[in-house]
Amino acid sequence: MISVNIICVGRLKEKYWTAACEEYSKRLKGFCNFSIIEVDEERVGDMPSDAQILSTLEKEGRRILSKIPKGAKIISMCIEGKQKSSEKLAAELDRLAVDGCSSIAFIIGGSWGLSEEVKSASYLRMSMSDMTFPHQLARVMLCEQIYRAFQINSGGKYHK
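Summarised in this report is the structure supplied together with it. (Residues numbered from 1 in each chain as written. Predicted model: local features only at pLDDT ≥ 70, side-chain atom pairs only at ≥ 80, totals over all residues. Heavy atoms only, no water.)

**Description of the nonpolar core**
In terms of nonpolar packing, the biggest core is built from 30 residues, with Val4, Ile6, Phe34, Ile104, Phe106, Ile146 and Phe150 touching the most fellow members. Counting residues per element, the ones that place at least two in this core are strand S1 (3–9), helix H1 (15–28), strand S3 (73–83), helix H3 (86–98), strand S4 (103–108), strand S5 (124–127) and helix H5 (135–154). Among the elements that take part in this core, H5 stands out by supplying seven residues, more than any other. Apart from the residues lying within four places of it in its own chain, the contact partners of Phe150 are Ile2, Val4, Leu28, Phe31, Cys32 and Leu93. Counting residues in each nonpolar core, the second largest holds 11 residues, with Val9, Ile68, Ala105 and Leu114 among its members. (Core = buried A, V, L, I, M, F, W, Y, C linked by side-chain atoms within 4.5 Å. Buried < 20%, exposed > 50% of the residue type's maximum accessible area, 1.4 Å probe, protein only. Helix = DSSP H or I, 4+ residues; strand = E, 2+ residues; numbered from the N terminus. Contact = heavy atoms within 4.5 Å.)

What follows is the structure in structure tokens.
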């Protein structure tokens, strides 16, 4: 069974986001070994300098990279990434599984994004939308889209 991990910066603060992620995690157990791995967010002031932002990205990036399972295909969620429909994401996950991929790691960065080191290690850079979403909502949306992809690939009725 394929392993799918979401590695993200920061913790969910509101119970409704946590409940939503837990629900999709429960649903995904029938399709894959699914987990959400949180790494600590680096704290900076309200008006950080470019150097402080770069330092934050590098520190968070090292934390992220340390949590990626060996051999995992890395899909970084970033604004410059390629947008995919639900069907195309499903086809991508199916293709990876058919090609023998045993582990996928989706990465969600912190409020400043992802380090170049993380993005460079990525197999794919993906964007959810041209719109901006709170990181907590993005995590729920990604969980839902992963679940939807597995439903599509299994011929389930969830995706209409």
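**Overview of the environment of Glu144**
Within the secondary structure, Glu144 is located in helix H5. Its relative accessible area of 12% is what places Glu144 among the buried residues. Between the C-alpha atoms of Glu144 and Val9, which are 135 residues apart in sequence, the distance is 18 Å.

**Observations regarding the side chain of Glu92**
Its place among the elements puts Glu92 in helix H3. With a relative accessible area of 12%, Glu92 lands in the buried category. Leave out the neighbours within four places in its chain, and Glu92 touches Lys84 and Tyr123.

**Points about H1**
Two residues of an α-helix separated by three or four positions point the same way, owing to the 3.6 residues in each turn. Along its 14 residues, H1 runs 20 Å from first to last C-alpha, staying within 8% of the 20 Å computed at 1.5 Å per residue. Within the span of H1, buried status applies to Trp17, Cys21, Tyr24, Ser25 and Leu28. All buried residues of H1 fall inside an arc of 105 degrees around its axis, so they share one side. Counted as exposed and oriented over 90 degrees from the buried face of H1: Lys15, Tyr16, Glu22 and Lys26. Close packing links the buried residues of H1 with strand S2 (33–39) and H5. (Expected span 1.5 Å × (residues − 1). Arc of directions from axis to C-beta.)

**Focus: the pattern of salt bridges**
Within this structure, the stated rule accounts for 15 salt bridges. Where Arg43 meets Glu41, a salt bridge forms, and the shortest distance between an N and an O atom there is 3.7 Å. The shortest N-O distance in the salt bridge between Glu116 and Lys119 comes to 3.5 Å. Placement of the pair is Glu116 and Lys119 together in helix H4 (residues 116–120), with a separation of three residues, close to one helical turn. Three or more residues are tied together by salt bridges with common partners; here these are Arg11, Glu38, Asp40 and Arg139. (Salt bridge = Lys/Arg side-chain N within 4 Å of Asp/Glu carboxyl O.)

**What about the packing of H1 against H5?**
Close contact between H1 and H5 brings their axes to 9 Å; oriented N to C, the two are set at 20 degrees. The orientation of H1 with respect to H5, classified from their angle, is roughly parallel. Crossing handedness for the pair H1 and H5: left-handed. Taking contact as the criterion, the partners of Trp17, Ala20, Cys21, Tyr24, Arg27 and Leu28 in H1 are, on H5, Gln136, Leu137, Arg139, Val140, Cys143, Glu144, Ile146, Tyr147 and Phe150. Looking at the contact of H1 with H5 residue by residue, the classes come out as 11 nonpolar, one polar and three charged. (Axes fitted to C-alpha atoms, helices over the stretch in contact; angles between N-to-C directions. Parallel < 35°, antiparallel > 145°, perpendicular 65-115°, else oblique. Left-handed = near helix turned anticlockwise from the far one by under 90°. Nonpolar A, V, L, I, M, F, W, Y, C, P; charged D, E, K, R; others polar.)

**So, the packing of H3 against H5**
Packing of H3 against H5 brings their axes to within 8 Å, and their N-to-C directions diverge by 75 degrees. Taken together, the axes of H3 and H5 lie roughly perpendicular to each other. The segment H3 lies against H5, with Ser86, Glu87, Leu89, Ala90, Ala91, Leu93 and Asp94 engaging Gln145, Arg148, Ala149, Phe150, Ile152 and Asn153. Looking at the contact of H3 with H5 residue by residue, the classes come out as seven nonpolar, three polar and three charged.

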